[in-house]
Amino acid sequence: MIVIMKPKTSAKHVAEVISQIEADGYQVNLADGDNQTLIGVVGESDKPFDPKKYEALPGVERVASVTVPYKLASREMHPQDTVVNVRGKVFGANKVQVIAGPCSVESREQIIDIAHAVKEAGAVALRGGAYKPRTSPYSFQGHGEKGLQWLAEAREQTGLPVVTEVMDSNLVPLVCQYADVLQIGARNMQNFALLHAVGESQHPVLLKRGMSSTMEDLLMAAEYILSHGNNRVMLCERGIRTFEKYTRNTFDLNAIPVLKHLSHLPVIADPSHAVGKREYVDALSRAAVAAGADGLIIEVHTDPEAALSDGRQTVSVPQFQQLMTHIQRIAEAIGRTA
Ligand code: PEP
Ligand code: MN
């Protein structure tokens, strides 16, 4: 349920409604717009929620039900875009923000060199996996905490905030010591213990869509994080499995405008994992920006052919520089910046 206050209602009337909701045993999710306040009623209580009682309170315009199961993630409950601030870089505002870096952190020199290169080209955050979810147990699994330390050193040198994957709920406190954004990988989108732990952490989260998950599954996964009090969640479309074999996955461009419509959370596109071949990453980056993505996450390496993971989809530094100029033109064409 949402209690919709009249435009420009006083703070006193808003506070009275909130204390009534809490007295009835529910929790409150406040969406304070420029002109109007919406008070979301969440959680369970023994007392049935009585809309008529609330509609009689001063300042209340009406009470509406939220028609979707992902209440906190929904735009119905929270009409304004959520803006996620990561060390002063804002995701979900007018500027299209680009996160870039290698698939895996391979060495201290590798991550520092790439960090400088992507910053120079205009990236606002650095990606790189220290813990890698690999299909084969014989593939490179990442450098673990050492990789996190190298990422932190790259941040110190460049000022770029660090986005890195956490694969296990037990590792959340450790990864939080180094990372600015916790990435939840596609394979872990429905690892509910992990979603719970990152929800409790209050760290910004980049939540990737599971490879066979619907948009509603993704929004329900986001709901787990939000319901633990962490509002700093970004959704990531990274391609889904289909019958098409030529590309690694199928980039679901639909997801960008649909998620923006259904949810207030920023939407980031990952064309690298979506298509799996570097020659198509530029075109899909342009398409994602044109479709309204708030940001991109791109795999970049100084020597893509030698990358220890995902080399085939990783662009070189010159290719990344070109991609950045291309998306700037698209962003401008739709009234954004990049
Ligand atoms: C990655 O970002 O390198 C990664 C493993 O992504 P995904 O979870 O989307 O496959
Ligand atoms: Mn990768």
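Structure: see above.
Computed from a predicted structure; not experimentally measured.

Further remarks concern helix α8 (residues 255–262). For α8, the set of buried residues is A255, I256, L259 and K260. Along α8, the residues classed as buried sweep out an arc of 125 degrees about the axis, all on the same side. Those residues of α8 hidden inside the fold are in contact with α7 (215–227), β12 (233–237), β13 (267–269) and α10 (281–290).

Before going further, it helps to examine the sheet that holds β12. Reading around the circumference, β7-β8-β9-β10-β11-β12-β13-β14 is the order of the eight strands in this closed barrel, with parallel pairing throughout. Adjacent strand axes in the sheet meet at a mean angle of 25 degrees, parallel and antiparallel pairs treated alike. The pairing of β12 with β13 spans three bridges and is classified as parallel. Counterpart to E237 in the pairing with β13 is A269. Together, β7 (97–101) and β8 (125–127) form the strand contacts of helix α3 (residues 108–121), whose direction differs from that of β8 by roughly 140 degrees.

A few words on the pattern of salt bridges. Summed over all chains, the structure comprises 18 salt bridges. The partner of E16 in a salt bridge is K12, and the shortest N-O contact between them spans 3.2 Å. Taken together, the residues span about one helical turn, with E16 and K12 both in helix α1 (residues 11–23) at a distance of four residues. With its nearest N and O atoms 2.5 Å apart, the salt bridge here joins E153 to R108. Of the two residues, E153 sits in helix α4 (residues 145–158) while R108 sits in helix α3, which places them 45 residues apart along the sequence. For E153, a relative accessible area of 23% gives the class partly exposed. Of the residues examined, R108 reaches a relative accessible area of 32% and is grouped as partly exposed. A network of salt bridges, in which partner residues are shared, links D24, K47 and K53.

Rules used throughout
All residue numbers here refer to positions counted from 1 along the written sequence of the relevant chain. Chain A is the first chain written and ligand 1 is the first ligand written, with later ones labelled in order. Under the rules for a predicted model, residues below a pLDDT of 70 receive no local features and side-chain atom pairs below 80 are neither given nor counted, while totals for whole chains, interfaces and linings still include all residues. Values reported for side chains reflect all heavy atoms of the structure, with hydrogen atoms and water molecules removed beforehand. Three exposure classes are used, based on accessible area relative to the maximum for each residue type with a 1.4 Å probe and protein chains only: buried under 20%, partly exposed in between, and exposed over 50%. Helix and strand definitions here come from DSSP, where helices need a minimum of 4 consecutive H or I residues and strands a minimum of 2 consecutive E residues; each element is numbered from the N-terminal end. To be clear, the arc concerns the directions from the helix axis to the C-beta atoms. Every residue pair with non-hydrogen atoms within 4.5 Å of one another is taken to be in contact. Pairing between two strands requires that DSSP report at least two bridges joining them. Lines are fitted to the C-alpha atoms to define the axes, a helix being fitted only along its stretch in contact, and any angle between axes, read from their N-to-C directions, falls within 0 to 180 degrees. Just to be clear on terms, a salt bridge is a Lys or Arg side-chain nitrogen sitting within 4 Å of an Asp or Glu carboxyl oxygen.

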